[in-house]
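The residues making up each chain are set out below.
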Amino acid sequence: MDQDAAWTRLFGQPVFAQDLLRLAMPGLVRWLDFSTLEEVSTRWAMAKADDAPRLQTVGGYTPRTGDRAWRVGYGDDSGRSVLMPTEFQSDTDANMHLRSREYGLLGYQATTRWQPDRDGSVRLVPVVIYSGGPKWAASYPGWAQRRANVTAKGEPWLEARTSCVLLDADSCGGDDFHRQSNLVAALLRMNVLTEVDATVEVLTDMARWLRRTSPQERAALVIHELVDWWAVCSKHAVAAEQVERVRGTLALGGSDDMMALARTAREWPRIWREEGREEGLEEGHRTGQGELLEALAERKFGTTAATALASRLASFGDDSAFLEVSTWILECNTAEELLTKVDGLSPGPG
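Residues numbered from 1 in each chain as written. Predicted model: local features only at pLDDT ≥ 70, side-chain atom pairs only at ≥ 80, totals over all residues. Heavy atoms only, no water.

J.: Any chance you could explain helix α5 (residues 183-190) here in plain terms?
T.: Helical periodicity: at 3.6 residues per turn, an α-helix aligns residues three or four positions apart in one direction. Burial of α5 is extensive: 7 of the 8 residues sit out of reach of the surface. For α5, the set of buried residues is L183, V184, A185, A186, L187, L188 and M190. Taking the backbone nitrogen of V184 as reference, a side-chain oxygen 3.0 Å away marks N182 as the first, capping residue of α5. (Buried < 20%, exposed > 50% of the residue type's maximum accessible area, 1.4 Å probe, protein only. Helix = DSSP H or I, 4+ residues; strand = E, 2+ residues; numbered from the N terminus. Polar contact = N/O pair within 3.5 Å; in protein donor to acceptor, adjacent residues only side chain to side chain.)

J.: Explanation requested: the packing of helix α7 (residues 216-233) against helix α8 (residues 240-250) in the structure shown.
T.: Any two packed helices are characterised by the angle at which their axes cross and by the distance between the axes. Contact pair α7 / α8: the axes reach a minimum separation of 10 Å and the direction vectors enclose 155°. One finds that α7 runs roughly antiparallel with respect to α8. For the pair α7 and α8, the crossing hand works out as right-handed. Residue-level contacts link I223, H224, V227, D228, W230 and A231 of α7 to Q242, V243, V246, R247 and L250 of α8. (Axes fitted to C-alpha atoms, helices over the stretch in contact; angles between N-to-C directions. Parallel < 35°, antiparallel > 145°, perpendicular 65-115°, else oblique. Left-handed = near helix turned anticlockwise from the far one by under 90°. Contact = heavy atoms within 4.5 Å.)

J.: Would you mind going over the packing of aromatic side chains with me for this structure?
T.: Each pair of aromatic rings is reported with the distance of its centres and the angle of its planes. Throughout the structure, instances matching the rule amount to 5 aromatic pairs. Summarising the aromatic geometry, the rings of W7 and F11 are spaced 6.0 Å apart at their centres and angled 25° between planes, so their arrangement reads as stacked. For W7, a relative accessible area of 1% translates into the label buried. Judged by relative accessible area, F11 falls into the buried class, the value being 1%. Connected via pairs of aromatic rings, a cluster forms that spans W7, F11, F16, F88 and W229. When the ring centre of F34 is taken as reference, the NZ or CZ atom of R22 above it lies at 4.7 Å. (Phe/Tyr/Trp six-rings, centres within 6.5 Å; stacked < 30°, edge-to-face > 60°. Lys NZ or Arg CZ within 6 Å of the ring centre and 35° of its normal.)

J.: What am I meant to see in the pattern of salt bridges here?
T.: Opposite charge on two side chains permits them to pair, given that their charged atoms come into close proximity. For the coordinates displayed, the defined rule picks out 15 salt bridges. One network of salt bridges, with partners in common, ties together R71, D76, R80, D117, D119, R123 and E155. (Salt bridge = Lys/Arg side-chain N within 4 Å of Asp/Glu carboxyl O.)

J.: I keep staring at the packing of α5 against helix α6 (residues 196-213) and nothing clicks. Help me out?
T.: Contact geometry of α5 with α6 gives a least axis separation of 10 Å together with a crossing angle of 170°. Between α5 and α6, the angle is such that the two are roughly antiparallel. Across from L183, A186, L187, R189 and M190 in α5, the residues of α6 making contact are T199, V202, L203, M206, W209 and L210. In terms of residue class, the contact of α5 with α6 is built from 9 nonpolar, 1 polar and 1 charged. (Nonpolar A, V, L, I, M, F, W, Y, C, P; charged D, E, K, R; others polar.)

J.: I would appreciate a short explanation of α8 in the present structure.
T.: Looking only at α8, the buried set comprises V243, V246, R247 and L250. Mapping the buried residues of α8 onto a view down its axis gives an arc of 100°, with all of them on the same face. In α8, those exposed residues whose orientation departs by more than 90 degrees from the buried face are E241 and R245. (Arc of directions from axis to C-beta.)

Structure representation (structure tokens):
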């Protein structure tokens, strides 16, 4: 699998399409209803009888297939939607402005023919994601822009001279994943990182964000796809053993990850003492260890159980109680069993 194929596969996950919309059209997000987000076919060339705007070859028209395309409706009952054909490029292409315009026109024609907006049209914003590393050219290409424009009535539009929104590490350099929690900005950031450890750190942040914001099974699937993408698209050679080690660490509910978290929870009091943090920072101590136990419970029993555990631990300040709970999380078969054991503990001084 090459880089462009890896990007295309990863963006089959709706969460990346949502964050791409946020990055490419930030002024439009407040108008959209993401529950209507759907992927649409990118095989836009139609049969000869349909008079598709394609170059004619012997026997008909040449098929044309784009990478990904997503459509999302507005949340204002206007019957409007926006179509976002998306292409992935790992190297520069002198004809990219023509290709993006062609894909946009084909997508527009297909959508207006079969499922137009209520007003008979569709709002179109083609997007190109460039993962080649250096900037596309010495200056930003004149045929693209960094963000789509949006009118006061929520209508997206591109300048007359441009054909698409182009996103690369340079254009997204000001988008901080840790502030905005944007997965696409994080992917682009990894394209310019110079060390493997730094990319793994970003992957870890992304996995943590996915677990907090997505159902357990969905988060596990997306994290698995994300590691596959990293193995192909990393700017550094990554050994297969390292890929699987990272996958095991990030995997939701993976036994190795569970044990690593449990060991950390058990070692926390010793680490805290060795770093001389006991005096004056007991509240931070309890908070940090409680967060570890909450993460451990979430990976085994889910978010609801983790939240219930966190509320019970809030009044505990005794190290031994935290140590017992870390053991129970591993040993208990159900969340109910765990919470019953925790309820039997007497809170220490808070």
